[in-house]
Amino acid sequence: MHLYTFDTAPNPKRLYYFLKFKGVEIKTTQIDLVKKENLKESYLTVNQLGTVPALVLDDGTLLTEVIGICYYLEGLYPKKSLLGDSYLDKAEILSWDHYIFNNLLLPTAEIFRNSHPAFKNRALPGPKPVAQIPGLIERGENKLSETWKIIEAKLDNKEFIATENFSFADIDLLVCIDFLLWALNKSVPKELSAVQKWLKRVNTII
Ligand SMILES: N[C@@H](CCC(=O)N[C@@H](CS)C(=O)NCC(=O)O)C(=O)O
């Protein structure tokens, strides 16, 4: 099995924390997104989507989505479960993870990629040119402020976002907070006291 990734980018970082928490190491090649190595023919022959991460299994199967890669690796390395043990826990974790991906990660990416000059004509990941749409910046901002209210309410008097235990949904929330700081220079708003407490707790775990 071989992993192609770029650990500092948001989607690869989701997988990086997953592997770190479990203590699993996989043979890895870093594909430098800043140098646009993901758009070179040599990488496009591995993953025609031109995105990272990508996991190539020994039989040649290609997995290109973080959630699918983590699901597979959770099966191979079940210790220190991150995707839940009971069916209800699995459902809660996937639901919150999906919510966080769509309502925090994607709006942050939307604001970043539609405003930053480095992404002119590259407003979506991958080899196909896509024009920036400035209207998506305000839409993204509105979505972020709505989402923080939901997350704050959910974390009130709770240790972790999805279940009683630390899970992949917590990892994705952490990655979104890193991404907001790195891409938009935005910290978690001070008035979100439950999120602030959660952040301190999670930083001692991962
Ligand atoms: N749907 C993929 C998303 C992967 C993705 O978009 N990765 C970004 C890095 S965060 C990428 O490869 N970007 C390449 C580009 O900007 O061309 C997943 O869930 O893993």
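Provided above is the structure to which this section pertains.
1. Regarding the packing of helix α1 (residues 10-22) against helix α6 (residues 168-184)
The N-to-C vectors of α1 and α6 enclose an angle of 135°; their axes lie 9 Å apart at closest approach. Between α1 and α6, the crossing angle belongs to the class labelled oblique. Between α1 and α6 lies a crossing of right-handed hand. For the pair α1 and α6, contact is made by P10, K13, R14, Y17 and F18 and by F168, I171, D172, L174, V175, D178 and F179, respectively.

2. Focus: empty space enclosed by the protein
The tally for this structure, following the rule as stated, stands at one cavity of 30 Å³ or more. Forming the boundary of the largest cavity are T8, P10, K13, V175, D178, F179 and W182. Of all elements in the fold, only α1 and α6 reach the threshold of two or more residues within the lining of the largest cavity. Considering each element in turn, the lining of the largest cavity owes the most residues, four residues, to α6.

3. Some thoughts on the state of the cysteines
Counted by the stated rule, this structure contains zero disulfides. You can see C70 has no disulfide; the closest cysteine sulfur is in C176, sitting 14 Å from it. A relative accessible area of 0% means that C70 is categorised as buried. Using a relative accessible area of 1% as the deciding quantity, one classes C176 as buried.

4. Quick look at the packing of helix α4 (residues 87-115) against α6
Close contact between α4 and α6 brings their axes to 9 Å; oriented N to C, the two are set at 10°. In terms of orientation, α4 lies roughly parallel with respect to α6. Facing α4, whose interface residues are I93, W96, D97, I100, L104, L105, T108, A109, I111 and F112, α6 presents F168, A169, D172, L173, V175, C176, F179, L180, W182, A183 and L184. Classifying every residue of the contact of α4 with α6 by side-chain character gives 18 nonpolar, one polar and two charged.

5. Quick notes on a nonpolar patch on the surface
Together, Y72, L76 and Y77 line one region of the surface with nonpolar side chains, adding up to about 250 Å² of accessible area. Relative to the helices and strands, L76 is located in helix α3 (residues 66-76).

6. With respect to the sheet that holds strand β4 (residues 62-63)
A sheet is described by the order of its strands in space; here four strands give the open sequence β2-β1-β3-β4, paired in mixed fashion. Both outer strands of the open sheet, β2 (28-30) and β4, are each paired with one neighbouring strand and no more. Where strand β1 (residues 2-5) and strand β3 (residues 54-56) come together, three bridges link them in antiparallel fashion. Residue pairing across strands places L3 opposite L55, the latter belonging to β3. α3 rests against β3 and β4 of the sheet, and its axis sits at about 45° to β3.

Procedures and definitions
Counting restarts for each chain: residues are numbered from 1 in the order of the written sequence. Note on the predicted model: pLDDT of at least 70 is required for a residue's local features to be given, and 80 or more for side-chain atom pairs to be given and counted; whole-chain, interface and lining totals, by contrast, use all residues. Hydrogens and water molecules were not included; the side-chain quantities draw on all heavy atoms of the structure. Note on geometry: axes are C-alpha line fits, over the in-contact stretch for helices, and angles between N-to-C directions span 0 to 180 degrees. Under the DSSP-based scheme used, a helix requires at least four consecutive residues in state H or I and a strand at least two consecutive residues in state E, with every element numbered from the N terminus. The scheme is simple: roughly parallel for angles under 35 degrees, roughly antiparallel for over 145, roughly perpendicular for 65 to 115, oblique for anything else. A crossing counts as left-handed when the near helix is turned anticlockwise from the far one by less than a right angle, and as right-handed when that turn is clockwise. We call two residues contacting when some pair of their heavy atoms lies within 4.5 Å. Space inside and on the surface of the protein is sampled on a 1 Å grid over the protein atoms alone, with a cavity defined as a set of points where a 1.4 Å probe fits but cannot get out and a pocket as an open set with protein on both sides within 12 Å along at least 5 of 7 lines; lining residues have an atom within 4 Å of a point. Grid points are joined across faces, edges and corners, and a volume is the space filled by probe spheres set on the points. A pair of sulfur atoms, both from cysteines and within 2.5 Å, is called a disulfide here. Think of it in three bands: residues with accessible area under 20% of the maximum for their type are buried, residues over 50% are exposed, and the middle band is partly exposed, with areas taken using a 1.4 Å probe on protein chains only. Ten residue types, Ala, Val, Leu, Ile, Met, Phe, Trp, Tyr, Cys and Pro, are classed as nonpolar, four, Asp, Glu, Lys and Arg, as charged, and the remainder, Gly among them, as polar. Exposure above 30% relative accessible area and the absence of a salt bridge qualify a residue for a patch, where like charges join within 9 Å and nonpolar side chains (Val, Leu, Ile, Met, Phe, Trp, Tyr) within 5 Å. Method for areas: the Shrake-Rupley scheme with a 1.4 Å probe, in which residue coverage is limited to the protein chains shown. Throughout this description, the term salt bridge denotes a Lys or Arg side-chain nitrogen within 4 Å of a carboxyl oxygen of Asp or Glu. Strand pairing is assigned whenever DSSP identifies at least 2 bridges connecting the two strands.

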